[in-house]
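Next come the chains, spelled out residue by residue.
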Amino acid sequence: MLILTKVTLALLDAANDKDSEVQEQVRKSMLTLGKQQSDRVLAMCQDYLTKHPKLVVSHRVVILQTIELIVGSRIEEISYPRIKSIISLASDEMTRSKEVVPDWQQAASNILVAVGNKHINDIMEEILSKFQPGVLPHFFVVQTLASLSDSNVYGMVPFLNAVLGTMLPMLCMAKQDNMKWVFSSALCHFSDSILEYLANLDKAPDPTVRKDTFSSEIYAAYDILFNNWLQSREPKIRLTVAEAVGSMSHLMASDKLEEQIPKLIPAMLSLYKKNSEHYIISKSLCQVLDASVNMGSRVLETQLDSLLVALHQQVCCPIDYSNPPTVKNHNEVLRCFSLLANSFPDRLVMFVLQKLENSNERSRMGSLAVLRHLINSSTSMMETKKLLILASIRQPMADHSNKVKKRVVQVISAMAHHGYLELEGGDLLVRFIVQHCALPDTIQEVTNEALRTMCDNTLHLLTTTVGRLADVLWPMLLYYLTPPQFSNATSPLCKSLIVLGSKKRNNQEASFNIDFTHRGHGAPSLSLLSVLSVNIHPSADILWEKEIPPLLFLYQCIGVTLQQCYNKEVVKKQLQEILLTARHSDTIEREGVAMGIGLCANSHLEGTLAKLDEFGKSDAFKKSPSIFNLLKERNDVEIEKVKSTLILCYGQVALNAPPEQILNRIDHDILRCISKHFNTKDLTMKLSLIQSVGLIAKAISECVKRQGYVFSRKQELIAVMLDFIKAEPADTLRTPVRHLVMTTCANLMYPSLITVRSSNMVSFHNLGALLGRLSPRCSDPHPAVRTAAVDCIYTLLYIQLRYEGFSLDYKDEAVESLPPLKEKLENPDHSVLYKTCSDLTKVSSVPSSKATSCLKSYLTFTVPGVRVAVGQTVLILATQHLQTVINTLINQPLPYDRYPHRFTHTLIFKCASLLDNRKESMMRAVTTKVATNQPLAVSHTRHCQHFRHPVALRILLARAQLDEVVKKLDQDNAWDAMKEQNTHTTGVTLLARAMAKHAGPRLPSIVECLCPCLNNIYECQRITVTAFFSELLNHHVVTELLLMDVLMNNMMERISDPCCTVRMLSVRGLGNIAVGSPEKVLLSDIVMYKYCTPHALSDNDDIRCASILLLGNLSKFGSGEPVFKDQIHNVLVSLLLHLVDPNPQVVKACKYAMRVCAPVVGSDQITAMFQNHLHEDKSLHYGEFINDLTKYLVRLSHTPI
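All values derive from a computational prediction rather than experimental measurement.

Below, the discussion takes up the overall build of the protein chain. Scanning the protein chain for helices and strands turns up 62 helices and 0 strands. Looking at the protein chain as a whole, 50% of its 1201 residues are labelled buried. Considering only intrachain contacts with a sequence separation of at least 6, the fraction spanning at least 24 residues in the protein chain is 70%. Per element, the accessible surface of the protein chain, about 58000 Å² overall, is 54% carbon and sulfur.

The subject of this paragraph is unusual backbone geometry. Put simply, Trp474 and Pro475 share a cis peptide bond, and its omega is 0°. Within the chain, Asn973 stands out as a residue other than glycine whose phi angle is a positive 55°. With respect to the helices and strands, the residue Asn973 is situated in the loop between helix H49 (963-971) and helix H50 (974-979). Assessed through its relative accessible area of 48%, Asn973 is described here as partly exposed. If you check the backbone angles, Leu1042 has positive phi at about 60° while not being a glycine. With respect to the secondary-structure elements, Leu1042 resides in the loop between helix H54 (1037-1040) and helix H55 (1044-1054).

Our next topic: the pattern of salt bridges. Should the charged atoms of two oppositely charged side chains come close, the side chains can pair. Following the criterion strictly, the structure yields 30 salt bridges and no others. A salt bridge links Lys84 to Asp122; its shortest N-O distance comes to 3.6 Å. A residue pair is termed long-range when its members are at least 10 positions apart, and Lys84 in helix H5 (residues 80-95) and Asp122 in helix H7 (residues 120-129) qualify at 38 residues. A salt bridge links Arg665 to Asp669; the nearest nitrogen and oxygen atoms lie 2.5 Å apart. Taken together, the positions of Arg665 and Asp669, both in helix H33 (residues 659-675) and 4 residues apart, correspond to about one turn of that helix. Note on Asp669: relative accessible area 15%, which makes it buried. Among the ionic contacts, a cluster of salt bridges with common partners joins Arg60, Asp92, Glu93 and Arg96.

Below, the discussion takes up the packing of aromatic side chains. A full pass over the atoms with the stated rule returns 10 aromatic pairs. With 5.1 Å between their ring centres and 70° between their planes, Tyr794 and Tyr798 make a pair best called edge-to-face. Placement of both Tyr794 and Tyr798 in helix H38 (residues 783-803) is noted, with a separation of 4 residues, approximately one turn of the helix. Of the residues examined, Tyr798 reaches a relative accessible area of 8% and is grouped as buried. One aromatic cluster in this structure is built from Phe139, Phe140 and Trp181.

Our next topic: the nonpolar core. Judged by nonpolar contacts, the single largest core of 179 residues is most densely connected at Ile67, Met167, Leu171, Leu340 and Leu477. At 10 residues, the largest contribution of residues to this core is made by helix H9 (residues 153-173). Those residues within four positions of Leu340 in sequence are excluded, and the remaining contacts are Leu289, Leu300, Leu304, Leu307, Leu308, Leu311, Pro345 and Leu348.

If you check H38, its first and last C-alpha atoms are 31 Å apart, about what 21 residues at 1.5 Å a residue would give, namely 30 Å. For H38, the complete set of buried residues consists of Arg786, Ala789, Val790, Ile793, Leu796, Leu797, Tyr798, Ile799, Gln800, Leu801, Arg802 and Tyr803.

Our next topic: the packing of H49 against helix H51 (residues 984-998). Between two packed helices, both the angle of their axes relative to each other and the distance between the axes serve to describe the pair. Where H49 contacts H51, the two axes come as close as 9 Å, and the packing angle between them is 145°. Handedness of the H49/H51 crossing: right-handed. Residues Glu964, Val965, Lys968 and Leu969 of H49 form the contact with H51, whose own contacting residues are Leu990, Leu991, Ala994, Met995 and His998.

All right, on to the side chain of Ser297 then. For Ser297, the position within the fold is in the loop between helix H14 (279-294) and helix H15 (304-315). Engagement of the side chain of Ser297 in a polar contact is seen with the backbone nitrogen of Val299, the distance being 3.4 Å. There is a polar contact of 3.2 Å between the side chain of Ser297 and the backbone nitrogen of Leu300. Other than its neighbours up to four places away in sequence, Ser297 contacts Glu258, Ile261 and Ser292.

Structurally, the position occupied by Glu217 is in helix H11 (residues 212-229). For the buried residue Glu217, which engages in no salt bridge, the nearest side chain bearing the opposite charge is Lys256, 12 Å off. Separated by 2.9 Å, the side chains of Glu217 and Ser216 make a polar contact. The contacts of Glu217, once residues within four sequence positions are left out, are Asn161, Leu164, Gly165 and Leu168.

This next bit is on the packing of helix H17 (residues 345-356) against helix H18 (residues 361-377). Closest axis-to-axis distance for the H17/H18 pair is 8 Å, and the angle between their directions is 145°. Note that H17 runs across H18; the crossing there is left-handed. Residue-level contacts link Leu348, Val352, Lys355 and Leu356 of H17 to Ser363, Arg364, Ser367, Leu368, Val370, Leu371 and Leu374 of H18. Here the contact of H17 with H18 is built from residues that sort into 7 nonpolar, 2 polar and 2 charged.

Take Glu99: it is sitting in the loop between H5 and helix H6 (102-116). C-alpha of Glu99 to C-alpha of Phe139: the two residues are 40 residues apart in sequence and 8.8 Å apart in space. Discounting chain neighbours no more than four positions away, the residues touching Glu99 are Gln105 and His138.

On to the layout of surface pockets. Estimates place the volume of the second largest pocket at around 650 Å³. Lining the second largest pocket are 19 residues, with Thr465, Val466, Gly467, Glu826 and Asn827 positioned closest to its centre. Listing elements by their share of the lining of the second largest pocket, those giving two or more residues are helix H24 (448-465), helix H26 (490-506) and H38. Ranked by residue count, the leading element in the lining of the second largest pocket is H26, at 4 residues. Residue composition of the lining of the second largest pocket, grouped by class: 6 nonpolar, 8 polar and 5 charged.

Moving on, we come to the environment of Asn602. Here Asn602 shows up in the loop between helix H30 (587-601) and helix H31 (605-616). As for Asn602 and Gln661, which are separated by 59 residues in sequence, their C-alpha atoms are 9.8 Å apart. Those residues in contact with Asn602, other than ones at most four positions away along the chain, are Gln563, Asn656, Ala657 and Pro658.

This paragraph deals with H7. Among the residues of H7, Ile120, Asp122, Ile123, Met124 and Ile127 are the ones counted as buried. Taken together, the buried residues of H7 touch H5, H6, helix H8 (139-151) and H9.

On average, the protein chain scores 81 in pLDDT, and the residues at 70 or more come to 80%. Looking over the protein chain, one finds the lowest element-wise mean pLDDT in helix H46 (residues 919-926), namely 39, and the highest in H8, namely 95. Confidence over residues 624-637 falls short of pLDDT 50; this stretch has 19 contacts with residues more than four positions distant or in other chains. Within the model, pLDDT remains below 50 along residues 918-932, and this stretch shows 13 contacts once partners closer than five positions in the same chain are excluded.

Thresholds, definitions, all that
Residues numbered from 1 in each chain as written. Predicted model: local features only at pLDDT ≥ 70, side-chain atom pairs only at ≥ 80, totals over all residues. Heavy atoms only, no water. Helix = DSSP H or I, 4+ residues; strand = E, 2+ residues; numbered from the N terminus. Buried < 20%, exposed > 50% of the residue type's maximum accessible area, 1.4 Å probe, protein only. Contact = heavy atoms within 4.5 Å. Areas by Shrake-Rupley, 256 points an atom, 1.4 Å probe, with all protein chains shown as cover. Salt bridge = Lys/Arg side-chain N within 4 Å of Asp/Glu carboxyl O. Phe/Tyr/Trp six-rings, centres within 6.5 Å; stacked < 30°, edge-to-face > 60°. Core = buried A, V, L, I, M, F, W, Y, C linked by side-chain atoms within 4.5 Å. Expected span 1.5 Å × (residues − 1). Axes fitted to C-alpha atoms, helices over the stretch in contact; angles between N-to-C directions. Left-handed = near helix turned anticlockwise from the far one by under 90°. Polar contact = N/O pair within 3.5 Å; in protein donor to acceptor, adjacent residues only side chain to side chain. Lys, Arg positive; Asp, Glu negative; His and termini not counted. Nonpolar A, V, L, I, M, F, W, Y, C, P; charged D, E, K, R; others polar. 1 Å grid on protein atoms, 1.4 Å probe; cavity = no way out; pocket = protein on both sides within 12 Å on 5 of 7 lines; lining within 4 Å. Points joined across faces, edges and corners; volume = space filled by probe spheres on them. pLDDT = per-residue confidence, 0-100.

Below, the structure is given as structure tokens:
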């Protein structure tokens, strides 16, 4: 501790250093100490400031900043007394000087704000002591209030009504500019905090706060700011007042804002001319427009012309991206246009299109910016104006300015994403893009090269991201390849055509086919390409005509010829000749050699492997001339290239060798020879290794179709492939290695899928779970995930078909309909996705044995983006396996969370319709199988307890053939009552009443199933069951069914339940015994003495009321019993007191009970008095009543009362 003290004091002394870096290091070091001993370090900082009142400002600032850092990081650990002293210190430091000393007072203010995040009440107590009515506060007191409203919205807003009330008179007292500025800034912050509070009432501590709580104070403040301060000569004040007015407009009463709009908007627009900084003005104007549009202002239209002109001038201002306020201003102005478009779409669009006709560069660029923004942000509003916009965009397309053309390209890109290019005239926009992909280089402010690059990127973007354009661009882009004016666009055109063509070919789209046979186009086209090859690249002509076709063909011919040769020596000699004379540095020739040797291995596997092994050990891999004297020096042929050829040869041998022979040679003769090169760094060898491993995997996959085989080195090879990927540069995604590795890994994985069949007809036990996990992903927010999910489902269904015994080449029509759905899933439109997922689910029908596991997987999904798809999938599953789905949902563990509960609701409605559709078959099934009592009880507790959606219970009652019960509940609107929390018990009471009247024989089993729920930890279950039992006691049928004792005992036990609603219901149930089973009322002495009397004094109104009513009901049946008289005498005083109970329902209950109990008292005068004066609907003069009653009691004192 002593060391800590010394170090802290030394750091506090060092805080006076003039070097800012030293000061920063002091703060960091003090923070480190403060995190360990918060109270101790803070105390020393306070003592230091107290003992050195004359410290220079810079020194005090560093210490105050240190305190702020410690408080901000350790607020939860600092003791409350220390917090109080820090608040006092910071408040004193902030207001000690009447003059404004920004650094010093801001540091103190920051401490108060940091503490206020945790202890807002203490902070406000201190601040408000210095914010008194009639006295102009310190500048930083107001500033601190503003900062607190930002940092702790939920803590400050409850204080703001009082703060505003105190502040309003101060506004008229503020004469200095700095006070006007700080009050305006504070009002802006207060308004923003109130708006944030109101927007998040679900998180707010007081959800009853409303906008009108603050409207009158805000308007009063607005009146001063707008009419007095907005005209200030000081620009800073004008902007701050404008910002405050914008925020305050949302809180003003609608009629007041409507009244101010004709004055407010012109005043805001005039500020553009008075200030060079426009962002704040545009932001405030946007807020005013937002508030006006939201309330449906009628006078806003009168300001529209001046608004459009001023906003258009602003949007035409150049944007300086190195100056953020100009960018922000541009964005706020565009937001203003969006807001106006919602209320005045026709006038706004016509205004913008007319401005497009203006040939002024700046005006046209601004108009195009607005048009692009409207297309993107106001899609529905612009839908009817597409053709008009298509016609109007042609004029700026002809502009000679590259700046304007760049904006046109941006507009075309926006139009492409919203379906404009598919309309008539859309092809001209595509032509415009292609035309500018072919621009020559020039020197301008916006060069042709820059515009060309932009068009290249836009064309690529349209090709790859706007799926709806595929049929527009293909084959249209082909037509632009040959005209000379588009020659510079060949590269981007070809790239786009490759993407479009590959996609259409892979998806087997009919539109991919282009009829080149028309008038014999095919052959001449190929001949032309051959002639033009020299123009593409000087070496292309040689490769095309002389090397490529004959080279591969020659080696293949040699391989096929050697297959037919029976002389092993000749074969051996020819293989050696091929290996020694080949140009291993040539990629194509390496491929040809490998293919030829692989073909030879089909008939001569043993000899080919032996020759490859011999070649691998020869001098060809040494840095000296070959012993055969046939190889050139290693300077001409790199060893790595020779090794690459050898590796490729092993892959081709594996692929072409006889399947019955090759599997035994894979590990020992092939993988052994190539695996020693896995550590290579040479790219050529690496690519050859990857390709060879892929060929080996492909060979194994072909072999295992006919014979069993365990590929023991598969995991090792996959690990090697992954290492190759990891070695690739992280900043480049497209590399030859990555592409080849992915293909090879796919080939490596395929054999494992095939070997699944080795288990023959073993059940694919997890098919349902896998489909349940994959199906909802078909509507995932990411298109790639959707496509991958369809591929996985496609593969899973074919695996299932293999299990079922179908051959490997069997094609199922339903499963084959899945791949075409992938293109539809690329459409981001939710309605299209919804329909596609529905079609997909219908295709991927789940076997009945897998339905349960599939549904359980569905119910685990909680991601918002796939919930709708999951719900639809479950409904479709229900159409296939209705009984299984219902049973699974009913048996889900309680309590349901919101999502499965919503599932149940939706599904049950669907089930109801399914039951109606299957009425005939269901009627047949009903004769042998109906809902049993246990599901009825389960449904009763599981669905009614959530106060909503009791439709499952309704269906089960129908399945149980309890039509009279359902009819009665329909007549009484019991289903609606059960849905709402405040009427839930009423609905359950109606259910019990109907069951007692129309389903008596079912009650014993139901009661037996429900009894355990009375001890459940969930109140909702106890409430539901108690309400059900309470009403049953109102009917004599429970006595006939011998259920009276069970129900009465349960009600007595629930009298002491911790839930007041349960206690109230249990008391009501005991009272119902008097109606349902009068003969049981002899037990009421115990009930009254033990339960009713204490609860008549309960603090809960409902329990008092129910207990007193029970007392009265029981007394009707006990007038001849002495024990009843004793009990009535004991509670008479309590009943008299409750005649003036604050709750009117309790008073009514007391009057009823005393009238009914009067005969038990034994006095005719008192009985007559009670009958005459104690009526529920009449008022009672309590004093007179007590006086009269006392006189009767005195006169009858000789009687035992």
